[in-house]
Amino acid sequence: MTRPLPVDEADFPADADLSEQIRFVLHYACLAPSSHNTQPWLFQIGDRSVRFYMDRQRWLRSADPDQRELHLSVGCALRAFVRALPHFGLLGAVTFKPDEADGDCLVEVLVRHAEGGPERPSVLHLFATRHTSHGDFEDREPAHAVLEEMQAAAEYHGVALSLIRDAGDRAAAAHWLAVAEARQCADPAWREELADWVRRGVFGTSWLLSRMGALAVRYLDASRALTRKDHDHLADAPVLAVITCIRDEPVSWLCAGQAYMDICLLLAREGVCVQPMSALVEDREARARLAQMCDPGKRHPVHPFRVGYSRIEAERETPRRPLEEMLRPL
Ligand SMILES: Cc1cc2nc3c(=O)[nH]c(=O)nc-3n(C[C@H](O)[C@H](O)[C@H](O)COP(=O)(O)O)c2cc1C
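It should be emphasised that the depicted structure is a prediction, and the values quoted were computed from it without experimental measurement. Here the residue numbering is sequential within each chain, running from 1 through the sequence in written order. Local features in a predicted model are, by the rule used here, given only for residues with pLDDT of at least 70; side-chain atom pairs are given and counted only at 80 or more, and totals for whole chains, interfaces and linings are based on all residues.

K.L.:
Teacher, can you tell me more about the overall build of the protein here?
P.N.:
Of regular secondary structure, the protein possesses 11 helices and eight strands. Here the C-alpha coordinates of the protein stretch approximately 55 × 45 × 40 Å along the principal axes. Think of it as a crowd count around each C-beta: if 20 or more other C-beta atoms lie within 10 Å the residue is buried, if 12 or fewer it is exposed, and in between it is partly exposed, with C-beta placed from the backbone throughout. The proportion of buried residues among the 330 residues of the protein is 43%. Expressed as a percentage of contacts within the protein between residues at least 6 apart in sequence, the contacts between residues at least 24 apart total 77%. In DSSP terms, a helix is any run of H or I states spanning at least four residues, a strand is any run of E spanning at least two, and both are numbered starting from the N terminus. Contact between two residues is assigned whenever their backbone-derived C-beta positions fall within 7 Å.

K.L.:
What should I look at first to understand the site of the ligand in this one?
P.N.:
Near the ligand, the surroundings consist of 18 residues, among which P33, N37, H131, P276 and S278 are the closest. Ranked by residues supplied to the shell around the ligand, first place goes to helix α2 (residues 68-84) with four residues. Among the residues making up the shell around the ligand, the classes are represented as six nonpolar, 11 polar and one charged. Formed jointly, the shell around the ligand draws a minimum of three residues from each of two domains, domain 1 (9-131 + 317-326) and domain 2 (144-308). Each residue receives a C-beta atom placed from its backbone. It is near a molecule or strand if this atom lies within 6 Å of it. Residues are grouped as follows: Ala, Val, Leu, Ile, Met, Phe, Trp, Tyr, Cys and Pro are nonpolar; Asp, Glu, Lys and Arg are charged; all remaining types, including Gly, are polar. The domain limits used here are those given by an automatic or database domain assignment.

K.L.:
Could you clarify how one ought to interpret the pairing of strand β8 (residues 300-308) in this entry?
P.N.:
Each regular strand shows side chains that alternate between the opposite faces of the sheet. Taken across its nine residues, β8 has nine buried, putting it largely inside the fold. Summarising the sheet, strand β6 (residues 239-245) and β8 pair through seven bridges and their orientation is antiparallel. Each residue of the ladder has a partner; that of V242, found in β8, is P304. Bridging between strand β7 (residues 273-276) and β8 involves four bridges; their strand directions are antiparallel. The partner of Q275 across the bridge, within β8, is R306. Only when DSSP finds a minimum of two bridges between them are two strands counted as paired.

K.L.:
Sorry, what's going on with the packing of α2 against helix α9 (residues 250-270) here?
P.N.:
Packed helices, taken two at a time, are described by their axes: the angle between them and the distance between them. Interhelical geometry of α2 versus α9 gives an angle of 50 degrees and a closest axis separation of 7 Å. Taken as axis vectors, α2 and α9 run oblique relative to one another. Viewed along their axes, α2 and α9 form a crossing whose handedness is right-handed. In this structure, α2 contributes R68, H71, L72, S73, V74, G75, C76, L78, R79, A80 and R83 to the contact, and α9 contributes P250, W253, L254, C255, A256, G257, Q258, Y260, M261, D262 and L265. An axis is simply a line fitted to the C-alpha atoms; with a helix, the fit covers only the stretch in contact. Between two such axes, the angle follows the N-to-C directions and lies from 0 to 180 degrees. When describing relative orientation, an angle under 35 degrees is termed roughly parallel and one over 145 degrees roughly antiparallel, while 65 to 115 degrees is termed roughly perpendicular and anything else oblique. In this scheme the crossing of two helices becomes right-handed for a clockwise turn of the near helix relative to the far one and left-handed for an anticlockwise turn of less than a right angle.

K.L.:
Help me understand the sheet that holds strand β1 (residues 41-45), please; the structure alone is not making it clear to me.
P.N.:
Each strand in a sheet pairs with another by means of backbone hydrogen bonds, the pair being arranged parallel or else antiparallel. As summarised here, the arrangement of the four strands in space is β1-β2-β4-β3, forming an open sheet in which the pairing is antiparallel. Either end of the sheet is taken by a strand with one partner, and the two such strands are β1 and β3 (90-96). Between one strand axis and the next, the sheet turns by 25 degrees as a mean value, whatever way the strands run. Bridge analysis of strand β2 (residues 49-54) against strand β4 (residues 105-113) gives five bridges, and the strand direction is antiparallel. Bridged to V50 within β4 is V109. Relative to β2, α2 is tilted by about 160 degrees, and along the sheet it contacts β1, β2, β3 and β4.

Now the structure itself:
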């Protein structure tokens, strides 16, 4: 699947101010994955820098009370921005929490021109092919070298990646995923929140389907169908990958998001598909079980996702908000 990019790279304003160039590259940050496609970020562009804020209006209070996925999603957008910069001859240096007084300001990226000019080949084309997969996966693992590269990407960001490849362990994880999702479906607040986002069309459904889907989430008990599908998808996937952190705190979650973005890009390069399965870490008991499966070193599982080769060709394209809506004035 290839999605149309929001800007044509040929339109990069090479002769404009750095702030204009930053604004252009931010279009690629908007293509990052995010929990429920909430795109919970805001950007504040300075002369030579950009600040990334969390957007509390788009926080999933019910599914994500700790704001872990909120930070992960901003981490994805941050990394997408930093990875896109070199294509345009720019480099970014990241500082976490640049403004202690403003808790919503998570990161500042100082941008400068790269000595060596534009990076070639770059990863820009992968932004068009990266997406989340929702179909069945084939019964074959990615090459060992790819799995190792995923782990190296996690370590680069100071987090770790556990790979659950044993069928028995994946069956156990799938069981806990189903338990977690059934609990969520039984919670009216959780259903109301999901229904609200489905109604907004964040998953790429038409106006009519979005409204019908929202009504179904709100009033029909679709939990059996949902939990069965996700259970089977996880049990049948060749690999369950889990990003884990030593500390369960915001900066670690931002790092985990950056690692996930890098992993998505490298898997897009290899034609390998991913789907996060967040209920496994949203439910306290399921998360504790997953922690035991991942790693004996008491690391915290923060982002589980299945990895494999999709059997289906086309995925529904998820929409993005216009960049203008994500800009925060100085
Ligand atoms: C932190 C995080 C959690 C996510 N959790 C799930 C999930 O539990 N199930 C799922 O199908 N997709 C999940 N996703 C994927 C998003 O739904 C997806 O990124 C978004 O809809 C945009 O679609 P795209 O990735 O195809 O661009 C998650 C993504 C992130 C970044």
